[in-house]
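These are the residues of each chain, in order.
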Amino acid sequence: MQPLIDHARTFGQRPEEFAKLAEGQSPQVLFITCSDSRVVPALITGARPGELFELRTAGNIVPPYVSEHPTSEAATIEYAVEVLGVRDIVVCGHSHCGAVGALVRGDDLTAVPAVRDWLASATPRPAGAAEDPEVAEGVQSHVLTQLLRLRSYPCVERKLAEGRLGLHAWYYEVHTGAVRTHRPQTDTFESL
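What counts and what doesn't
Residues numbered from 1 in each chain as written. Predicted model: local features only at pLDDT ≥ 70, side-chain atom pairs only at ≥ 80, totals over all residues. Heavy atoms only, no water. Axes fitted to C-alpha atoms, helices over the stretch in contact; angles between N-to-C directions. Helix = DSSP H or I, 4+ residues; strand = E, 2+ residues; numbered from the N terminus. Left-handed = near helix turned anticlockwise from the far one by under 90°. Contact = heavy atoms within 4.5 Å. Nonpolar A, V, L, I, M, F, W, Y, C, P; charged D, E, K, R; others polar. Buried < 20%, exposed > 50% of the residue type's maximum accessible area, 1.4 Å probe, protein only. Pairing = 2+ DSSP bridges. Polar contact = N/O pair within 3.5 Å; in protein donor to acceptor, adjacent residues only side chain to side chain. Core = buried A, V, L, I, M, F, W, Y, C linked by side-chain atoms within 4.5 Å. Expected span 1.5 Å × (residues − 1). Arc of directions from axis to C-beta.

## Regarding the packing of helix α4 (residues 72-83) against helix α8 (residues 154-161)
- Taken N-terminus to C-terminus, the directions of α4 and α8 make an angle of 35 degrees; their axes are 9 Å apart at the nearest point. In terms of crossing hand, the pair formed by α4 and α8 is left-handed. For the pair α4 and α8, contact is made by Ile77, Glu78, Val81 and Glu82 and by Cys155, Val156, Arg158 and Lys159, respectively.
- The residue makeup of the contact of α4 with α8, split by class, is four nonpolar, no polar and four charged.

Laid out in structure tokens, this is it:
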């Protein structure tokens, strides 16, 4: 913890670099990814403060849209699309994902009931080989499911129909740093 504290103490000693951020934000991209500490959106994309609006959830899950019981995730998506006017949404899954791996393998999650219930209620079990430690096929299938979910959000559906929003499925390999994007024409994940 001490190195993090030391960095935080010195971080604010360059106010001129951050003064413009007080004027507001205008990110062009909503980046939805896993809470996993190995996935760092700004590092992957090279984004500076104010350039990405991030939504991080266990397993980069986009829960079903339910207007009667809004979720934090739904509120974040709606705010990004309607208020901030993002032009693109990236759903980025990653190799070695614990959440997707647990789903693919059908792990017993009784020791972590909140995790178990979140995964069970939020997303269907993805396809994939249970013996694959990278869970590549499972994660890629899962990311595409989350993109389909996004399409059901009223604000996303409307902006897509207007041609004012793009959706992107990415797969990040934590062990290589490579990023692959889904190409709908071939239904494959290929290098960016």
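## Brief notes about the pairing of strand β4 (residues 166-172)
- Counting buried residues in β4 gives six out of seven residues, a clear majority hidden from the surface.
- Pairing of strand β3 (residues 88-94) with β4 involves seven bridges; the strand directions are parallel. Across the sheet, residue Val90 finds its bridge partner in β4, namely His168.
- Looking at chain direction, β4 and strand β5 (residues 179-183) are connected through three bridges and run antiparallel. Among the inter-strand pairings, Tyr171 is bridged to a residue of β5, identified as Arg180.

## Thoughts on the side chain of Ser95
- On the secondary structure map, Ser95 appears in the loop between β3 and α5 (98-105).
- For Ser95, a relative accessible area of 0% corresponds to the buried category.
- Side-chain polar atoms of Ser95 contact the side chain of His96, separated by 2.9 Å.
- Not counting the four nearest positions on each side in its chain, Ser95 is found in contact with Arg38, Glu134, Tyr171, Tyr172, Glu173, Val174 and His175.

## Some thoughts on the nonpolar core
- Of all hydrophobic cores here, the largest spans 38 residues; its most connected members are Leu30, Ile32, Ile77, Ile89, Leu150 and Val156.
- Residues within four places of Leu150 in sequence aside, it is in contact with Ile32, Val62, Ile77, Ile89, Val91, Val156 and Leu167.
- Of all hydrophobic cores here, the second largest spans 10 residues; its members include Phe31, Ala47, Cys92 and Trp170.

## Quick look at the pairing of β3
- Summarising burial for β3: six of the seven residues are buried, a large majority.
- Strand direction decides the pairing type here: strand β1 (residues 29-34) and β3, joined by five bridges, are parallel. Paired with Ile32 across the strands is Val91, a residue of β3.

## Observations concerning α4
- The end-to-end C-alpha distance of α4, which contains 12 residues, comes to 15 Å, matching closely the 16 Å that a straight helix rising 1.5 Å per residue would cover.
- Among the residues of α4, Glu73, Ala74, Thr76, Ile77, Ala80 and Val81 are the ones counted as buried. Along α4, the residues classed as buried sweep out an arc of 165 degrees about the axis, all on the same side. Turned more than 90 degrees away from the buried face of α4, the exposed residues are Ser72 and Val83.
- Looking at the buried side of α4, the elements it contacts are β1, β2 (52-57), β3, α6 (113-122), α7 (136-151) and α8.

## Quick look at the sheet that holds β1
- Here six strands make up an open sheet; going across it, the order is β2-β1-β3-β4-β5-β6 and the pairing mixed. Each edge of the open sheet is held by one strand with a lone partner, namely β2 and β6 (188-191). Across the sheet, the mean angle separating the axes of adjacent strands is 30 degrees when strand polarity is ignored.
- Bridge count between β1 and β2: six bridges; the pairing is parallel.

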